[in-house]
Structure formats: C-alpha cells, structure tokens
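Topology and contacts: notes
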Amino acid sequence: MNRISQSAARPWARLFLSAVALAAFSVPARAQTKIAIGCTATSDCASAMVAVDQGIFTKHGLDAQMVRIGINSTIPAAILSDSIQIGGPTESVFLQAVDGGLDLVAVEGASRMDPIANEAVAAFARNGTTLKEAKDFVGKKVGAPGIGAFLQVLFVKWLVEKGVDPKSVNFVEVTFPTMSDTLKSGAVDAVLTAEPFVTRMTKAGTGYVAAHYAAELARTEPIISYVAARAYAEKNPEAIANFRAAIAEAADIVNNDREKASVSIANFTKQPLEIVRLNRPNLAAPELKSDQLAWWLDVMKQQNLLQSQIDPSKLVFP
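Below: a short report on this structure. Values in this document were obtained by computation on a predicted structure and should not be read as measured data.

The subject of this paragraph is the side chain of glutamate 108. Secondary-structure assignment places glutamate 108 in strand β4 (residues 104-112). On the basis of relative accessible area, glutamate 108 is assigned to the buried category, the value being 11%. Residues within four places of glutamate 108 in sequence aside, it is in contact with Ser225, Tyr226, Phe243, Arg244, Ile247, Ala248, Pro286 and Leu288.

Written as structure tokens, this is what we have:
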C-alpha cells in the first residue's frame, strides 16, 4: 500500500514542480530604466563611461548609453529636449543655463580640479605663433570647446589675474576632435584644450603648449556635474538613486584602475588607447554639495555671465 501510494504520488509531485518552474519563468523580468547620458569627448565623464562598459549601470537597474556631444554648451538644450536624460555640462555651462531660466539640477558629481587635472589643461598654440604669456593673446583668435564653458571661463579668469582685458581676445567655438585641423588651417591661433588632446597634437607636430593656465590658478572646485531636468529627477527618484549608486561604484574604478578607465575613455572619445594611457583621467568625485559651486558663482558674476541671483541650495538634487 505504501509502495502504491508513493508511486502514485510521484507524477503529481512532478506536475507540481513543473508548474512551479513554469510560474517562475513566466514572471516578467524587472524592466530596466533607459537613460541616455551626454558628455563631450573628455575624461570628465569617465565614471559614466566605466559604468557602461563594466555593466555597473545594468547591475543597478539602468539601461544606459553614452552620447558624445560636440560642444559642451549645447548639453542643457539636449537635456531639455529629452534627447538625453542626464548630461555632463561644465559647472559654468550648468550655471548659465539655470540663470537663463532652465530648471536643471545636479544629481551627482562627475569630476573636480586637482593639481594633476589642472596640469592637463592648456592653451595650445599653432606653429608660427609666439604665445608665452597672457599679454601675447591680445588680438589673437582662440578656439574654445564652448563659449562660457569650463576651459574658457578659467582662461578668462587667468587673463584677468594677469592684467589682460578678455575683450581683447577673440573667442570662437571649436570642438575637441576638430582642434588639430583648425589649428593647422590657421583659422585660430590657439585652442583651449586638455589631455589627451594636448599629447596627441604635440606628437602630431601641430603646435606647442603656450600656457598651463589652470595649473597657475590652482583650484579644487568641481569641473563637471551630472545634470538632469528637475522635473525628470523628481519623477524618477529611483532611477536617480540607482544612477548615483552606479557612478559611485564606477568612480572608484576610475580613480584606482588606470587601465580600465583608459579603455573606457578611449572607447567613448575615439582617441587612441596608447595616447589615453599616457594621462591620468580627471579625478572622479561623485559627492557634490551646493557650497562647492560658490566659487563658480563668484567668478561668473565677475565675468558678467550671470544676470540673476542663484540660490546654491537649489542647485543640487536632494
């Protein structure tokens, strides 16, 4: 009787287990939130690049892709048009956008200045010029990857501290990838750039470093923040929390694993890996507080780049 009962029970047991297995496979996988992250071709957004390549965004429930932006100053408009959900504008571009009425908010820090990052920034001049000091730039045409962007605002600050009127310099916008050709054509006398472009143009014989102006300023404020529309951040708090967790994890790799960071930077910027390897990425600094933006607000007011009074406490998403 026992044997018959056990034998009869087995088919039911198998059916039960099959039903459980089928139910498990029938439960839909948790959908990942899609986000597009826009940055220019520099190492400042290396934490996002690494998070994509190393599957860290996926691990935190995000289906993320990186979008390469030519001019930094166009990032706020791209965010507002929803062609990207999160962008990496320089602090100066971010603050000008807010000043202009765009309701943007920083959701995480991307990079900040330090002695190594500052040394990587340069005013790079074309062959045939003799630019060595701030006064030598008077009357010259200087290309910047965005008027009012980080490199240009710092350069203007440097000119002012050296007693040179910034209005005596003619600034034009030139994207990072086209800087070498623009210099060779003689369309500009110098460009405001950073590594790995400095090394690449030096090796190509395009010109020379005229000034390490950021190193002379020696600041430690944020360079770039990851920014979103406030409405998007408020509507998607879980996605923002997951983004922050992923960036914090990836930032540790950027700061401590040079090879992984270099590969991701080369993949995104389309720069040769051997060139990218020569320079340390800009320091990834996820933690961001509103008071860290105070220096930028003061500098930009001095340059008449801001017309309104901006409340720093409203610039960083809680």
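That covers the picture; the talk isn't over yet.
Once that is clear, we can look at the state of the cysteines. Taken as a whole and assessed by the stated rule, the structure comprises one disulfide. The disulfide partner of cysteine 39 is cysteine 45, and the S-S distance across this bridge is 2.1 Å. Between cysteine 39 and cysteine 45, the S-S torsion sits near -80 degrees, and that sign places the bridge as left-handed. Accessibility classification places cysteine 39 together with cysteine 45 in one group, the buried group.

The next thing to look at is the nonpolar core. Residues Ile37, Phe57, Phe137, Tyr226 and Phe243 are the most contacted members of the largest nonpolar core, which totals 104 residues. Looking at which element gives the most residues to this core, the answer is helix α12 (residues 237-256), with nine residues.

On to the environment of glutamate 216, then. By the secondary structure assignment, glutamate 216 is in helix α10 (residues 213-217). When its relative accessible area of 44% is taken as the criterion, glutamate 216 is described as partly exposed. Distance from glutamate 216 to glutamate 119, taken between C-alpha atoms, is 8.7 Å for residues 97 residues apart in sequence. Apart from the residues within four sequence positions on either side, glutamate 216 is in contact with Trp158 and Lys162. Within the local environment of glutamate 216, its side chain forms a polar contact with the side chain of lysine 162, the two groups lying 3.0 Å apart.

The next point concerns the pattern of salt bridges. Counted according to the given criterion, the structure contains eleven salt bridges. Residue arginine 230 pairs with aspartate 103 through a salt bridge whose shortest N-O separation is 2.8 Å. Of this pair, arginine 230 sits in helix α11 (residues 230-235) while aspartate 103 sits in the loop between α5 (91-99) and β4, placing them 127 residues apart in sequence. In this structure aspartate 103 comes out as partly exposed when scored by relative accessible area, which is 43%. A salt bridge links arginine 244 to glutamate 108, with the shortest nitrogen-to-oxygen separation between them at 3.9 Å. Residue arginine 244 is located in helix α12, and its partner glutamate 108 is located in strand β4; the two are separated by 136 residues in the primary sequence. Note on arginine 244: relative accessible area 21%, which makes it partly exposed.

This part is about the environment of lysine 270. Along the chain, the position of lysine 270 falls in the loop between α13 (258-269) and α14 (273-276). Residue classification places lysine 270 among the exposed residues on the basis of a relative accessible area of 56%. With 26 residues separating them in the primary sequence, lysine 270 and arginine 244 have C-alpha atoms 26 Å apart. In terms of polar contacts, lysine 270 uses its side chain to reach the backbone carbonyl oxygen of asparagine 267, at 3.1 Å.

Let's shift gears to the layout of surface pockets. The method is simple in principle: a probe with the dimensions of a water molecule rolls over the atoms, and the space it marks as empty is what remains. Size it by volume and the largest pocket reaches roughly 330 Å³. What lines the largest pocket is a set of 14 residues, among which Val156, Pro166, Lys167, Gln303 and Asn304 lie closest to the centre. The greatest single-element share of the lining of the largest pocket, amounting to four residues, is contributed by helix α7 (residues 150-161). Partitioning the lining of the largest pocket into residue classes produces six nonpolar, five polar and three charged.

The element helix α2 (residues 46-53) is extensively covered by neighbouring structure, given that six of its eight residues are classed as buried. Taken together, the buried positions of α2 are Ala46, Ser47, Ala48, Met49, Val50 and Ala51. Downstream of α2 by one or two residues, glycine 55 has phi in the positive range, about 70 degrees.

What follows concerns the sheet that holds strand β7 (residues 170-173). Strand order in the open sheet made by the five strands is β7-β6-β8-β5-β9, with mixed pairing throughout. Of all strands in the sheet, those bounded by a partner on one side alone are β7 and β9 (207-211). Taking the axes of each pair of neighbouring strands and ignoring which way they run, one obtains an average angle of 35 degrees across the sheet. The sheet contact formed by strand β6 (residues 141-144) and strand β8 (residues 190-194) spans two bridges and is parallel. The partner of valine 142 across the bridge, within β8, is alanine 190.

What counts and what doesn't
- Residues numbered from 1 in each chain as written.
- Predicted model: local features only at pLDDT ≥ 70, side-chain atom pairs only at ≥ 80, totals over all residues.
- Heavy atoms only, no water.
- Helix = DSSP H or I, 4+ residues; strand = E, 2+ residues; numbered from the N terminus.
- Buried < 20%, exposed > 50% of the residue type's maximum accessible area, 1.4 Å probe, protein only.
- Contact = heavy atoms within 4.5 Å.
- Disulfide = S-S within 2.5 Å.
- Core = buried A, V, L, I, M, F, W, Y, C linked by side-chain atoms within 4.5 Å.
- Polar contact = N/O pair within 3.5 Å; in protein donor to acceptor, adjacent residues only side chain to side chain.
- Salt bridge = Lys/Arg side-chain N within 4 Å of Asp/Glu carboxyl O.
- 1 Å grid on protein atoms, 1.4 Å probe; cavity = no way out; pocket = protein on both sides within 12 Å on 5 of 7 lines; lining within 4 Å.
- Points joined across faces, edges and corners; volume = space filled by probe spheres on them.
- Nonpolar A, V, L, I, M, F, W, Y, C, P; charged D, E, K, R; others polar.
- Pairing = 2+ DSSP bridges.
- Axes fitted to C-alpha atoms, helices over the stretch in contact; angles between N-to-C directions.

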